[in-house]
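Tertiary structure, described
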Amino acid sequence: MEEIIESLRPISRCLDRVQSVLALDFLNGRLVDVDGPQKSLGRVGILSCFLGTLLGIHVSAGCGLLWFSSTFPFFFSPRRAAEIVAWCLYVSAMCTFHLMEFFVTAFYNPTVVASDSFLVNHSKAYTVASIIAGTEFWLGFWCGGGGGEGIDDDAPSNATESGWWWVTTIVGIVMVVFSQTMRSRAMMKCGESFNHYIQTERKENHVLVTDGIYTWFRHPSYTGFYYWSIGTQVVLHNPWSAILFAVAGWKFFSQRIPYEERSLLRLFGDQYYDYVGRTYVGIPFVPSIPNRKEGAVGIGSASHQKEEHRTEEAIEIEVEAEKADREKKND
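Residues numbered from 1 in each chain as written. Predicted model: local features only at pLDDT ≥ 70, side-chain atom pairs only at ≥ 80, totals over all residues. Heavy atoms only, no water.

Looking now at the overall build of the protein. Of the regular secondary structure elements, the protein holds 11 helices and 0 strands. Reading the protein from its N terminus to its C terminus gives the helix and strand order α-α-α-α-α-α-α-α-α-α-α. Within the protein, buried positions represent 44% of all 331 residues. Counted over contacts in the protein with a minimum sequence separation of 6, partners at least 24 positions apart contribute 73%. Total accessible area on the protein stands at roughly 17,600 Å², and carbon and sulfur atoms take up 65% of it. (Helix = DSSP H or I, 4+ residues; strand = E, 2+ residues; numbered from the N terminus. Buried < 20%, exposed > 50% of the residue type's maximum accessible area, 1.4 Å probe, protein only. Contact = heavy atoms within 4.5 Å. Areas by Shrake-Rupley, 256 points an atom, 1.4 Å probe, with all protein chains shown as cover.)

Grouped together as the largest cluster of nonpolar side chains are 28 residues, with contacts concentrated most on Leu51, Trp87, Tyr90, Phe118 and Trp228. At the level of secondary structure, the elements contributing two or more residues to this core comprise helix 3 (41–71), helix 4 (78–108), helix 5 (124–143) and helix 8 (220–236). Top element by residues in this core is helix 4. It accounts for 9 residues. Beyond its immediate stretch of four places on either side in the chain, tryptophan 228 contacts Ala93, Met94, Phe97, Tyr126, Val176, Ser179 and Gln180. (Core = buried A, V, L, I, M, F, W, Y, C linked by side-chain atoms within 4.5 Å.)

In this section: the packing of aromatic side chains. Counting across every chain of the model gives 21 aromatic pairs. Seen from their ring centres, tryptophan 138 and phenylalanine 141 are 5.1 Å apart, and the 75° between their planes marks the pair as edge-to-face. Of this pair, tryptophan 138 and phenylalanine 141 both sit in helix 5, 3 residues apart, which is roughly one turn of that helix. What makes tryptophan 138 partly exposed here is its relative accessible area of 28%. An aromatic cluster is built from Phe97, Tyr126, Tyr222, Phe225, Tyr226, Tyr227, Trp228, Phe252 and Phe253, whose rings are joined through pairwise contacts. Sitting over the face of the ring of phenylalanine 141, arginine 80 holds its NZ or CZ atom 4.4 Å from the ring centroid. (Phe/Tyr/Trp six-rings, centres within 6.5 Å; stacked < 30°, edge-to-face > 60°. Lys NZ or Arg CZ within 6 Å of the ring centre and 35° of its normal.)

On the surface, Trp67, Phe68, Phe74 and Phe75 cluster together to form a nonpolar patch covering roughly 520 Å² of accessible area. Note on placement: phenylalanine 68 falls in helix 3. (Patch = residues over 30% accessible without salt bridge, like charges linked within 9 Å, V, L, I, M, F, W, Y side chains within 5 Å. Salt bridge = Lys/Arg side-chain N within 4 Å of Asp/Glu carboxyl O.)

Moving on: the packing of helix 4 against helix 5. The geometry of helix 4 relative to helix 5 is characterised by a closest axis approach of 10 Å and an angle of 170° between their N-to-C directions. Compared by their axis directions, helix 4 and helix 5 come out roughly antiparallel. Two secondary-structure elements touch here, helix 4 through Arg80, Glu83, Ile84, Trp87, Tyr90, Met94, Phe97 and His98 and helix 5 through Tyr126, Ser130, Ala133, Gly134, Phe137, Trp138, Phe141 and Trp142. (Axes fitted to C-alpha atoms, helices over the stretch in contact; angles between N-to-C directions. Parallel < 35°, antiparallel > 145°, perpendicular 65-115°, else oblique.)

Before going further, it helps to examine the side chain of histidine 219. Mapped onto the elements of the fold, histidine 219 is located in the loop between helix 7 (164–190) and helix 8. Apart from the residues within four sequence positions on either side, histidine 219 is in contact with Ile257, Glu260, Glu261, Tyr272 and Val281.

This brings us to the environment of threonine 169. Mapped onto the secondary structure, threonine 169 falls in helix 7. With relative accessibility at 1%, the residue threonine 169 sits in the buried group. A sequence separation of 65 residues divides threonine 169 from valine 234, and the C-alpha atoms of the two residues are 6.6 Å apart. Apart from the residues lying within four places of it in its own chain, the contact partners of threonine 169 are Leu89, Val235 and His237.

The next point concerns the confidence of the model for the protein. Across the protein, the average pLDDT comes to 80, with 74% of residues at or above 70. At the low end of the mean pLDDT range in the protein sits helix 6 (residues 159–162), at 48; at the high end sits helix 8, at 97. Here residues 145–152 is a poorly scored stretch, pLDDT under 50, and it has 22 contacts once near neighbours within four places are set aside; other chains count. The model gives residues 291–308 a pLDDT under 50, and that stretch makes 23 contacts with residues more than four places away or in other chains. (pLDDT = per-residue confidence, 0-100.)

Glancing now at the UniProt feature "transmembrane region" (unreviewed entry) in the protein. Per the UniProt entry, the sites bearing "transmembrane region" (unreviewed entry) are residues 44–69, 81–100 and 163–179 in this numbering. Across residues 81–100, helical content stands at 100% and strand content at 0%; the span's end C-alpha atoms are separated by 28 Å. (UniProt positions renumbered as here; feature names shortened; annotations may be inferred.)

Looking at the secondary structure, you find phenylalanine 76 in the loop between helix 3 and helix 4. Its relative accessible area of 24% is what places phenylalanine 76 among the partly exposed residues. The sequence separation of phenylalanine 76 and leucine 65 amounts to 11 residues, and the corresponding C-alpha distance is 8.7 Å. For phenylalanine 76, the contacting residues outside a window of four places in its chain are Leu65, Phe68, Ser69, Ala81 and Ile84.

All right, on to the environment of valine 171 then. Tracing the backbone shows valine 171 in helix 7. It is 7.7 Å that separates the C-alpha atoms of valine 171 and valine 235, two residues lying 64 residues apart in sequence.

With respect to the helices and strands, asparagine 238 occurs in the loop between helix 8 and helix 9 (239–268). There is a polar contact of 2.9 Å between the side chain of asparagine 238 and the backbone oxygen of alanine 133. Those residues in contact with asparagine 238 that sit more than four places away from it in its chain are Ala133, Glu136, Phe137 and Gln233. (Polar contact = N/O pair within 3.5 Å; in protein donor to acceptor, adjacent residues only side chain to side chain.)

So, on to the packing of helix 7 against helix 8. Where helix 7 meets helix 8, the closest approach of the two axes is 7 Å, and the angle between their N-to-C directions is 160°. The angle between the axes of helix 7 and helix 8 places the two elements in the roughly antiparallel class. Seen from above, helix 7 lies across helix 8 with left-handed handedness. Its residues assigned to classes, the contact of helix 7 with helix 8 shows 13 nonpolar, 10 polar and 1 charged. (Left-handed = near helix turned anticlockwise from the far one by under 90°. Nonpolar A, V, L, I, M, F, W, Y, C, P; charged D, E, K, R; others polar.)

This is the structure in structure tokens:
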């Protein structure tokens, strides 16, 4: 997705401005920074206040709409109420995700916590995906399809009365809650060994965590985020966005996970190789490191190794770009 975005330069420049606003770059020089702009307590306070307020508004609005539409159905369409409640659930899930990213990092890995830990300006691809999801929902809301498909106040056999609309919503909520819990628990368990960026050098406090949720899954934070993103679209009843998130997420992790595993194999050697043999990735058909020990580069045919090398080079460039971006922000 990043390559497609970059090919559309005007849109890319617009997204750069959006990312800059999300990072609060317009406040540079106006806040007291501690060890760089991203350590600014002012930035942390503004972002946490904004996300907390947004969360409170949508939780209150969702609960209020449920009560009002059930108590006074002649004043407010149950169809519209159900759709807006779904939107409130979605925004609440988004706010909770970003708040948890920061606070779990602050409690369990405080040496690296920064305003970037909220991940609100994670990437242009993430921003575009959020815009697409919101666009699909509100188009469906105003045009009578999409987010509200099958909800007809006048039809006796509509999807709401048959329960299927709410069943789908509940399935989405379960996916979101379970996946959010999985990711947050993974970050807690890793503690100082967890980082939002791929580590290519081993630090003194960097250990290989193999217990807890890591007993079964070796990338539970990635797995949790993958299913969380799909679950948010199930809550919104966004079929196209759900497919897009599933495909784009799989594409991203199918490249990132093998590269990270090779990095971990270089850092931990046979200890990590043995760990891979008894755990699962959790995302279907995502490739892993080779099944035989032949170094950290990989095995297979010449064309297979060449393709892996190209993928690894691309992600190495991405990792270096992340490092350069962090250094630039901290200047």
